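Listed below, chain by chain, are the residues.
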Amino acid sequence: MERVQCVNVSLIISLSGHAEKSIIHRVKAEFNAGQMSLITGVTGAGKSTLLHILAGIIRPTEGEVIVDDQKVSRWMAYHRDRWRKKVGIIFQQPHLLNDLTVFENVCLPLIPQKMPMQTIRKKAFHALDCLGLSHMVGERVTALSGGERQQISIARAIVSGPELILADEPTAHQDMENVTRLMDVFEHHKRKNTVVIVASHDPRIVESRRFNACFNIENGTLEKVQ
Amino acid sequence: MRFASPTWLWAARDMLRHPSEAILTALALISVIVVAAVPMLLSHGLSNTAQRLLDSGPSLVVRKLAAGHWLPMPVEDGVKAAESVTGVLSAVPRIWGVVGGPESVTTVMGVSESDVQTLKRFSDLTKSPARGEAFIGPGVLSASSNGDKVEELLLLNGQKELSVKVGKIFSGKNSMVVHDIILLHESDARKLLGLEKGFSSDLAIHVFHEQEADAIIPDLLDAFPWPVAITTKQDTLKIYTASGDRRAGLIYLALIPSLLGLALIVTAGYRGTRSRFYEAGLLKSLGWTSQDIVGFFMCKAALIAFPSVSLGITLAYALVYWPAVSWPAYLFFGWQNNPPGLYLNSSGSFGILIQVSAGILVPYLAANLWPAIKNATADPHVLLQAEGKM
């Protein structure tokens, strides 16, 4: 993957009656492989929605998400499924399956990838190890703190070696040590030519100066600030 | 898709996430299959058994009649009359009757050396009983009183009283023909039944073409110089099956609860799979395709359904046909003493089991497939936002 582009991407939702609300408004942006981009903005500005559009979870009402000259946002459901295989997403809420162990939650993206169970196991251990979570392998996620749960969801997002990483407030409930480790993990993937996009308003991230590009989103409108 | 692929393993793991649900579904499927398959197998087994019993007997049975009751058949004249009819292959005089036995009325049969060859088809008989000796079927004496320790002497009450020594008990492996019968020396049987030499109980007639048995009845009636009653195999079959059908009809009522049970399983399967829309949305977000999600839910359904169906049909089969299981013969033929099992027609039984399996599997799998498709094809965003989050 060389580049992900947003060309006039808009999302308008219908409210009760005939009212409509614009969530994302004519967003134009370009995210290149081997670069780390930051999207900041206040809560409710549209950061998460934009990431969901990029991940193929929400289809924009107008505009296109173009990946290597292909309009992935217009793809049929079957092809958008294929697109999501290349994406590792970290949700604002960890979205873990509570009755599974840490290891099993991390394995989830790998299950349908037609690889032997031994390889799945190896990749899951590696992802957990990158984030210093190896000791939690057999624990049930219900026993973990909010920060630990978020770390598990990060391990789950990177386990399949995605070409695009989308992280929505990945440092919520994390201490500084974990923030640094997480940024190192993102740097590592950036060096492997992955497109990394982080949405956050955490000052520790904003001030880290590790990003190649910074965007600010306000009332659904994205503006490049660096 | 290979069995040991991660999707199958994951489906197995998923069953363990909700073990009580999986166990209850499996038990319900097994119960429904047993309740549905047993009456159908029974009906098939009964008709097959009756047919087998009759196939082993003569085409026609001729008895001499007087006003309202039967009379001993003069052997020489009877055989001559029967064999004068075109199409009759042979006419064999039989010496048999019902007498008071050790526990209830019992059928006794007089056997000579010439009958041994015929009886060998149905039993492990190697010689005819000697005078004062009796060979008895396993159903003559109940297991409780005499199964292990056989009384040496049997007291039989017919026209006269006769005490005979038990020389042999046929094992359960022998045909039903000898199941509840007492074989005696010909002279003992005559004495017991009050049959003079030169007379028999009836004539067993074998015809050249089985299909022509009905057609020669008028000729046979004319051939005998005295009134006779002629019974065909079909008449006897009707007697056997009439009572069986009445009871089988009652058992078929069991199909109603099994259909209700199936409806409940199907509903529960549909709701169970449909209620997992949140998980389906999450999996789609994590890169699972619609096909992967449908495959996963179907693997899980198959992991529950196929072993349950296999177990259910095995159980149903064993309940009806297992050698040690004799309740169908007790219920349908009234054989209270060590009743034998039903005859097995493997191809017919297999067909029934396939029908029942398909009748249960198809709705169950469809009930899981439809909501799985609905979940898998929905927008992940909609699924994730739906209620029922974990």
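In this text, all values refer to a predicted model and were calculated from it rather than measured experimentally. Once a new chain begins, its residue numbering starts again from 1 and follows that chain's sequence as written. To read the labels, note that chains go from A and ligands from 1, taken in the order they are written. Only residues with pLDDT of at least 70 get local features here, since the model is predicted, and only at 80 or more are side-chain atom pairs given and counted; chain-wide, interface and lining totals rely on the full set of residues.

### What about the overall build of chain B?
Thought 1: Secondary structure elements follow DSSP: runs of H or I of four or more residues count as helices, runs of E of two or more count as strands, with numbering from the N terminus. The secondary structure content of chain B amounts to 14 helices and 13 strands.
Thought 2: Here chain B holds 390 residues, and 40% of them are scored as buried.
Thought 3: Working definition of a contact: two residues with C-beta atoms, positioned from the backbone, lying within 7 Å. Contacts spanning at least 24 positions in sequence make up 80% of the contacts within chain B whose residues lie at least 6 apart. Put plainly, a residue is buried at 20 or more neighbouring C-beta atoms within 10 Å of its own, exposed at 12 or fewer, and partly exposed in between, counting only other residues' C-beta atoms, which are placed from the backbone.

### Regarding helix 9 (residues 255-274) of chain B
Residues and elements named next belong to chain B.
Thought 1: Here a helix's expected span is defined as the number of its residues, less one, multiplied by 1.5 Å. With 20 residues, helix 9 should cover 28 Å at 1.5 Å per step; its first-to-last C-alpha distance of 28 Å lies within 8% of that length.
Thought 2: All of the buried residues along helix 9 are S258, L262, I265, G269, Y270 and T273. The buried residues of helix 9 all sit within an arc of 130° when viewed along its axis, so they share a single face. Across helix 9 from its buried face, at more than 90 degrees, point the exposed residues I256, L260, L264, T267 and R271.
Thought 3: Buried residues along helix 9 sit in contact with helix 2 (19-55), helix 11 (290-321) and helix 13 (346-377). Comment: arc refers to directions from the helix axis out to C-beta atoms.

### Considerations on the pairing of strand 7 (residues 133-136) of chain B
Residues and elements named next belong to chain B.
Thought 1: Note on pairing: two strands pair once DSSP finds at least 2 bridges between them. Pairing analysis gives four bridges linking strand 7 to strand 9 (residues 161-169), with the strands arranged parallel. Bridge pairing in strand 9 links F135 to K168.
Thought 2: Both strand 7 and strand 10 (residues 181-185) contribute to a ladder of three bridges, which runs antiparallel. In the strand pairing of strand 10, A134 is matched with L184.

### Digging into the interface of chain B and chain A
Thought 1: With 20 residues of chain B at the contact, the number on the chain A side is 22 residues.
Thought 2: At the level of elements, helix 1 (6-17), helix 10 (277-285), helix 11 and helix 14 (380-385) of chain B are the ones that each hand at least two residues to the side of chain B that touches chain A.

### As for the sheet that holds strand 3 (residues 36-40) of chain A
Residue and element names in this part refer to chain A.
Thought 1: Here we have six strands laid out as an open sheet, ordered 6-7-8-3-9-10, and mixed in their pairing. This sheet does not close on itself; its edge strands, each paired only once, are strand 6 (87-90) and strand 10 (221-224). Within this sheet the neighbouring strands show an average axis-to-axis angle of 20°, counted without direction.
Thought 2: Pairing analysis gives five bridges linking strand 7 (residues 164-168) to strand 8 (residues 195-199), with the strands arranged parallel. Note that in strand 8 the partner of L166 across the bridge is I197.
Thought 3: Lying over the sheet, helix 6 (residues 176-191) contacts strand 3, strand 7 and strand 8, oriented at roughly 150° with respect to strand 8. The axes used here are C-alpha line fits, helices contributing only the stretch in contact, and every angle between their N-to-C directions lies in the interval 0 to 180 degrees.

### Looking at the nonpolar core
Thought 1: Counting 114 residues, the largest nonpolar core has A:A155, A:L166, B:I33 and B:A37 as the members making the most contacts within it.
Thought 2: Ranked by residues supplied to this core, first place goes to helix 2 of chain B with 15 residues.
Thought 3: If we ignore the near neighbours within four places in the chain, the residues touching A:L166 are A:L51, A:L54, A:A55, A:V87, A:I89, A:I90 and A:I197.
Thought 4: If you look at the next biggest cluster of nonpolar residues, it comprises 27 residues, including B:V108, B:V178, B:I181 and B:L184. In plain words, the nonpolar core is the set of buried Ala, Val, Leu, Ile, Met, Phe, Trp, Tyr and Cys residues that C-beta atoms within 7 Å link up.

### Things to note about helix 1 of chain B
Three or four residues apart is the spacing at which side chains of an α-helix point the same way, because the helix has 3.6 residues per turn.
Thought 1: With twelve residues, helix 1 of chain B extends 16 Å between its outermost C-alpha atoms, agreeing within 8% with the 16 Å of an ideal straight helix rising 1.5 Å per residue.
Thought 2: Among all positions of helix 1 of chain B, only B:P6, B:T7, B:W10, B:A11 and B:D14 are buried. Seen end-on, helix 1 of chain B carries its buried residues on one side only, within an arc spanning 140°.
Thought 3: Elements in contact with the buried residues of helix 1 of chain B: helix 4 (117-130) of chain A together with helix 11 of chain B.

### A closer look at the environment of A:R140
Thought 1: With respect to the element layout, A:R140 can be found in the loop between helix 4 and helix 5 (146-158).
Thought 2: On a C-alpha basis, the gap between A:R140 and A:Q35 in space is 35 Å, while along the polypeptide they are 105 residues apart.

### Some details on the sheet that holds strand 1 (residues 3-14) of chain A
All names here are of chain A.
Thought 1: Strands sit in the order 2-1-4-5 across an open sheet of four strands; the sheet is antiparallel. This sheet does not close on itself; its edge strands, each paired only once, are strand 2 (20-32) and strand 5 (70-71).
Thought 2: Where strand 1 meets strand 4 (residues 62-67), five bridges bridge the pair, whose relative direction is antiparallel. Across the sheet, V7 pairs through a bridge with E64, a residue of strand 4.

### Points about the confidence of the model for chain B
Where the model shows low pLDDT, its predicted coordinates should not be examined in detail.
Residue and element names in this part refer to chain B.
Thought 1: Of the residues in chain B, 85% reach a pLDDT of 70 or more, and the chain-wide mean stands at 82.
Thought 2: As a per-residue quantity, pLDDT reports the predictor's confidence and falls between 0 and 100. Ranking the elements of chain B by mean pLDDT puts helix 5 (residues 143-147) last with 44 and helix 11 first with 93.
Thought 3: Counting contacts from residues 143-148, a segment whose pLDDT is below 50, to residues more than four positions away or on other chains yields four contacts.
Thought 4: Interface scoring of the predicted complex returns ipTM 0.90; its pTM is 0.75.

### Section: unusual backbone geometry
Peptide bonds are, in most cases, trans, and in most cases residues other than glycine have a negative phi.
All names here are of chain A.
Thought 1: Residues other than glycine seldom take positive phi values, yet K114 does so here, at roughly 55°.
Thought 2: Along the polypeptide, K114 turns up in the loop between helix 3 (102-107) and helix 4.
Thought 3: Residue class for K114 comes out exposed when judged on the 12 C-beta atoms lying within 10 Å of it.
Thought 4: Phi at H173 is positive, roughly 65°, even though this residue is not glycine.
Thought 5: Assignment of secondary structure puts H173 in the loop between strand 7 and helix 6.
Thought 6: Taking the C-beta count within 10 Å as the criterion, H173 has 14 such neighbours and is therefore assigned partly exposed.

### Remarks on the packing of helix 1 of chain B against helix 11 of chain B
Residues and elements named next belong to chain B.
Thought 1: Relative to each other, helix 1 and helix 11 sit at 65°, their axes nearing to 8 Å. Crossing hand, helix 1 versus helix 11: right-handed. In this structure, helix 1 uses T7, W8, W10, A11, A12, D14 and M15 to contact helix 11, whose residues at the interface are G295, F296, C299, K300, L303 and I304.
Thought 2: A per-class count over the contact of helix 1 with helix 11 returns nine nonpolar, two polar and two charged. If you view the pair so one helix is near and one far, a crossing is left-handed when the near helix is turned anticlockwise from the far one by less than a right angle, and right-handed when it is turned clockwise. For this scheme, ten residues count as nonpolar: Ala, Val, Leu, Ile, Met, Phe, Trp, Tyr, Cys and Pro. Four count as charged, namely Asp, Glu, Lys and Arg, and the remainder, Gly too, count as polar.

### Topic: the packing of helix 2 of chain B against helix 13 of chain B
Residues and elements named next belong to chain B.
Thought 1: Between helix 2 and helix 13, whose axes approach to 10 Å, the crossing angle comes to 155°. Taken together, helix 2 and helix 13 sit at an angle that is classed as roughly antiparallel. In this structure, the crossing between helix 2 and helix 13 has a hand that is right-handed. Contacts from L29, V32, I33, A36, A37, M40, L41, H44 and N48 in helix 2 reach G348, S349, I352, L353, V356, I360 and Y364 in helix 13.
Thought 2: Across the contact of helix 2 with helix 13, the residue classes tally to twelve nonpolar, four polar and no charged. Any angle that falls under 35 degrees is termed roughly parallel, while one over 145 is termed roughly antiparallel, one within 65 to 115 roughly perpendicular, and all others oblique.

### Here's the deal with the environment of A:M76
All names here are of chain A.
Thought 1: On the secondary structure map, M76 appears in the loop between strand 5 and helix 2 (77-85).
Thought 2: Residue M76 is classed as exposed on the basis of its 7 C-beta neighbours within 10 Å.
Thought 3: As for M76 and F211, which are separated by 135 residues in sequence, their C-alpha atoms are 33 Å apart.

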